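If you want the building blocks of each chain, they are given just below.
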Amino acid sequence: MLPDRCSIKEQGRQCVNPPEFVISILAQKDEYMVGVTCAKHKDTIYQKLGDLQKAGSVPQGQIKFETLKPVGTDCIKADPDDLIQLKSVREML
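Reference entry: report on the structure contained in this document. Computed from a predicted structure; not experimentally measured.

Rules used throughout
- Residues numbered from 1 in each chain as written.
- Predicted model: local features only at pLDDT ≥ 70, side-chain atom pairs only at ≥ 80, totals over all residues.
- Heavy atoms only, no water.
- Phe/Tyr/Trp six-rings, centres within 6.5 Å; stacked < 30°, edge-to-face > 60°.
- Helix = DSSP H or I, 4+ residues; strand = E, 2+ residues; numbered from the N terminus.
- Pairing = 2+ DSSP bridges.
- Axes fitted to C-alpha atoms, helices over the stretch in contact; angles between N-to-C directions.
- Contact = heavy atoms within 4.5 Å.

Remarks on the packing of aromatic side chains
Okay, step 1: Enumeration over the complete set of coordinates arrives at two aromatic pairs.
Okay, step 2: When the centroid spacing of 6.2 Å and the interplanar angle of 85° are considered together, the rings of F21 and F65 count as edge-to-face. With F21 in strand β3 (residues 21-27) and F65 in strand β5 (residues 62-67), this pair connects stretches of sequence that are 44 residues apart.
Okay, step 3: Where Y46 meets F65, the ring centres are 6.3 Å apart and the plane angle is 35°; that geometry is what we call tilted. Here F65 lies in strand β5 and Y46 lies in helix α1 (residues 42-55), a separation of 19 residues in the sequence.

Here's what the structure looks like:
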């Protein structure tokens, strides 16, 4: 699951735009997902991550933006009895 909003906060307020990019850092053989952003804040988060890399707070490496592609499907269907069963399992814990 991904967040339903951009990861950026401006002036203490969460951005209300939906995410358009997954942000990750490619560091040697590893890749670290660091958040999601909308197109409006892409440059802002790129600059912020660069500053964090200089400060040593996040791994050094290439900052990568992967475009999110919405996917819809009707092949996954839930049976109402399954939902009731899941609820009763939670109550037992």
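Back to the write-up after that little detour.
Quick notes on the sheet that holds strand β4 (residues 30-37)
Okay, step 1: The antiparallel open sheet is built from three strands, whose spatial order is β4-β3-β5. Since the sheet does not close on itself, it has two edges, and those belong to β4 and β5, each with one partner. Direction aside, neighbouring strands of the sheet carry axes that sit 30° apart on average.
Okay, step 2: Relative to β5, β3 runs antiparallel, the two being bridged by six bridges. Looking at the pairing, I25 lines up with I63 of β5.
Okay, step 3: Along the sheet face, α1 touches β3, β4 and β5 and points at about 155° away from the line of β5.

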